[in-house]
Amino acid sequence: MQTNSAGSTPARPVLAAVDGSEHSLRTLDWALDTARTRGAALHVAHVRPDSPRVHAPGESLVPPPDWDTDPVLGAVRDRLAGREDLPPVTYVSRDGTPSATLTELAAGAQLLVMGSRGLGGFASLLLGSNSRVCAAQSPVPVVVVPHSARLVGQEPGAPAPGGERRVVLGLAPGETSEDVVDFAFAEARRRGAVLQVVSTHLVPLSSLTLVGSLVAERGGGYPPGTAGGEATEAARELAEDQRTRLHPYLTRHYPDVTVEAVVTPGDPAGRLVTASQQADLIVVGRHRRRLRADSLLMGSVSNAVLLHALCPVAVVPVRG
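What comes next is a walk through the structure. Just so it is clear, the model here is predicted, and its values are computed rather than measured.

The rules behind the values
Throughout, a residue's number is its position along its own chain's written sequence, starting from 1. Note on the predicted model: pLDDT of at least 70 is required for a residue's local features to be given, and 80 or more for side-chain atom pairs to be given and counted; whole-chain, interface and lining totals, by contrast, use all residues. The basis for the side-chain values is all heavy atoms of the structure; hydrogens and waters are excluded. Between Lys or Arg on one side and Asp or Glu on the other, a salt bridge is scored when a side-chain nitrogen of the former is within 4 Å of a carboxyl oxygen of the latter. Helix and strand definitions follow DSSP, with helices as H or I runs of at least four residues and strands as E runs of at least two, each counted in order from the N terminus. A 1.4 Å probe rolled over the protein chains alone gives each residue an accessible area, and that area as a share of the maximum for its type sets the label: buried under 20%, exposed over 50%, partly exposed in between. Definition of nonpolar core: a set of buried residues of the types Ala, Val, Leu, Ile, Met, Phe, Trp, Tyr and Cys, connected through side-chain atoms within 4.5 Å. What makes two residues a contact is simply this: any of their non-hydrogen atoms within 4.5 Å. Simply put, an axis is a line fit to the C-alpha atoms, just over the touching stretch for a helix, and the angle between two N-to-C directions goes from 0 to 180 degrees. In these notes the angle categories are as follows: under 35 degrees is roughly parallel, over 145 is roughly antiparallel, 65 to 115 is roughly perpendicular, and the rest is oblique. Each crossing gets its handedness from the near helix: less than a right angle anticlockwise from the far helix is left-handed, clockwise is right-handed. Ten residue types, Ala, Val, Leu, Ile, Met, Phe, Trp, Tyr, Cys and Pro, are classed as nonpolar, four, Asp, Glu, Lys and Arg, as charged, and the remainder, Gly among them, as polar. One fewer than the residue count of a helix, multiplied by 1.5 Å, yields its expected span. Under the pairing criterion, centres of Phe, Tyr and Trp rings, with the six-membered ring standing for Trp, must be within 6.5 Å; the plane angle then separates stacked pairs below 30 degrees from edge-to-face pairs above 60, leaving the rest tilted. Strand pairing is defined by DSSP finding a minimum of two bridges between the two strands.

## Comments concerning the pattern of salt bridges
Turning to step 1, where the next piece is worked out: In the structure shown here, the tally under the stated rule is 13 salt bridges.
Turning to step 2, where the next piece is worked out: Among the ionic pairs, Glu-260 bridges to Arg-166, the shortest N-O distance being 3.1 Å. Within this pair, whereas Glu-260 is found in strand S9 (residues 259–265), its partner Arg-166 is found in strand S7 (residues 166–170), the two being separated by 94 residues in sequence.
Turning to step 3, where the next piece is worked out: Residue Glu-260 is classed as partly exposed on the basis of its relative accessible area, which comes to 31%.
Turning to step 4, where the next piece is worked out: Assessed through its relative accessible area of 12%, Arg-166 is described here as buried.
Turning to step 5, where the next piece is worked out: Where Arg-236 meets Glu-233, a salt bridge forms, and the shortest distance between an N and an O atom there is 2.7 Å. Placement of the pair is Arg-236 and Glu-233 together in helix H7 (residues 229–253), with a separation of three residues, close to one helical turn.

Here you go:
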């Protein structure tokens with residue numbers, strides 16, 4: 001382990017996972033921009049998968065790998081050479097299972113940033129096993145950056161299409177934890193972004209019948225909340241719950257953050273994936289009910305958004 005910049009560093013850095021792929025290098029650029037916005041150091045980690053070793057008598061069974069003999073980290077160092085405004089950068093090389101080792105390293109970080117799939121992933125794979133495991137088990141928030149084939153933003157740190165920076169929070173007013181909401185507000189403040197808060201409700205069956213007839217007659221959709229009294233009432237109740245939940249953040253904690261509240265019928269994952277077309281970051285929470293520490297449950301919405309979002313996705317764990 002070696003640090004390339006002197007001076008004081010924050011106690012909790014941003015951790016970026018790299019594996020030598022072009023996708024992980026793009027992810028590194030996103031992590032660098034995030035470390036700058038947070039005023040944090042950046043730890044760049046490469047985990048070399050376990051491989052058999054021959055040990056001489058008396059030799060340590062697990063000799064610590066040296067970052068300067070790791071070609072992947074060497075390539076990263078060369079890539080960053082000469083760049084201005086770099087945060088303090090530390091290179092970390094480990095041998096082990098990537099997902100387990102990154103989860104362990106993340107315990108000392110404030111954020112883990114990684115690509116949606118690694119060097120060995122199939123081209124058609126939407127989400128790699130390591131990113132899935134880390135998003136489900138990391139003790140800190142994990143940002144998964146989609147492959148360039150899906151990524152909306154042209155350059156890390158640049159606003160999404162439309163020119164306005166936008167963070168999107170998926171909010172179920174009665175379920176989403178304070179940790180998730182606070183993360184989204186704080187990230188919007190750091191990025192000078194609008195925070196779009198998306199809450200969805202189911203369309204009652206009676207309204208679906210009406211919607212079907214309207215679409216059949218007019219050949220098109222309908223404005224949200226106009227598909228019958230039941231749907232309209234559900235939207236009103238949800239909007240009130242959303243306002244109540246956001247009130248302390250808007251009035252006390254983050255009065256400087258501009259919030260765009262969205263209440264709409266439909267599937268929450270689908271709405272968030274649609275919102276990702278014009279977003280810099282989607283923020284979702286991890287599943288609350290975890291029977292085992294090694295559980296891979298994150299919640300169906302979080303999993304679907306990770307699979308299909310067109311911008312980076314932050315999966316925030318719930319404390320306690």
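## Quick look at the nonpolar core
Turning to step 1, where the next piece is worked out: Counting residues in hydrophobic clusters, the biggest one holds 43 residues, and the most contacted among them are Leu-28, Leu-42, Val-44, Leu-169, Leu-195 and Val-283.
Turning to step 2, where the next piece is worked out: The element contributing the most residues to this core is helix H5 (residues 178–191), with seven residues.
Turning to step 3, where the next piece is worked out: Setting aside residues up to four positions removed in sequence, Val-44 forms contacts with Ala-16, Val-18, Leu-28, Leu-73, Val-76, Val-89, Thr-90, Tyr-91 and Val-92.
Turning to step 4, where the next piece is worked out: Listed in part, the 29 residues of the second largest apolar core include Leu-15, Ala-17, Val-198 and Ala-275.

## A look at the packing of helix H8 (residues 268–275) against helix H9 (residues 300–308)
Turning to step 1, where the next piece is worked out: For the pair H8 and H9, interaxial distance at closest approach is 9 Å and the crossing angle is 30 degrees. Relative to H9, the element H8 lies roughly parallel. You can see that H8 and H9 cross each other, and the crossing is right-handed. For the pair formed by H8 and H9, the contact residues are Pro-268, Ala-269, Leu-272 and Val-273 on the first element and Val-301, Ala-304, Val-305 and His-308 on the second.
Turning to step 2, where the next piece is worked out: Residue classes in the contact of H8 with H9 are distributed as seven nonpolar, one polar and no charged.

## Topic: H5
Turning to step 1, where the next piece is worked out: Counted at 1.5 Å a residue, the expected span for H5 with its 14 residues is 20 Å, and the 20 Å between its end C-alpha atoms agrees.
Turning to step 2, where the next piece is worked out: For H5, the full list of buried residues reads Asp-179, Val-180, Val-181, Phe-183, Ala-184, Phe-185, Ala-186, Glu-187, Ala-188 and Arg-191.

## Side note on the packing of aromatic side chains
Turning to step 1, where the next piece is worked out: With the rule as written, the count across this model stands at two aromatic pairs.
Turning to step 2, where the next piece is worked out: Ring plane angle 25 degrees and centroid distance 5.3 Å describe the contact between Phe-185 and Tyr-254, whose orientation is recorded as stacked. Remark: Tyr-254 occurs in the loop between H7 and S9 and Phe-185 occurs in helix H5; sequence separation between them is 69 residues. Judged on exposure class, the residue Phe-185 and its partner Tyr-254 are both buried.

## Some thoughts on the pairing of strand S11 (residues 313–316)
Turning to step 1, where the next piece is worked out: Residues of S11 alternate between two faces, with Val-313 and Val-315 on one and Ala-314 and Val-316 on the opposite face, all of them buried.
Turning to step 2, where the next piece is worked out: The pairing of strand S6 (residues 142–145) with S11 spans three bridges and is classified as antiparallel. Note on S11: the bridge partner recorded for Val-144 is Val-313.
Turning to step 3, where the next piece is worked out: The pairing of strand S10 (residues 281–285) with S11 spans four bridges and is parallel. Looking at the pairing, Gly-285 lines up with Val-316 of S11.

Treat this as a map of the structure, not an account of what it does.
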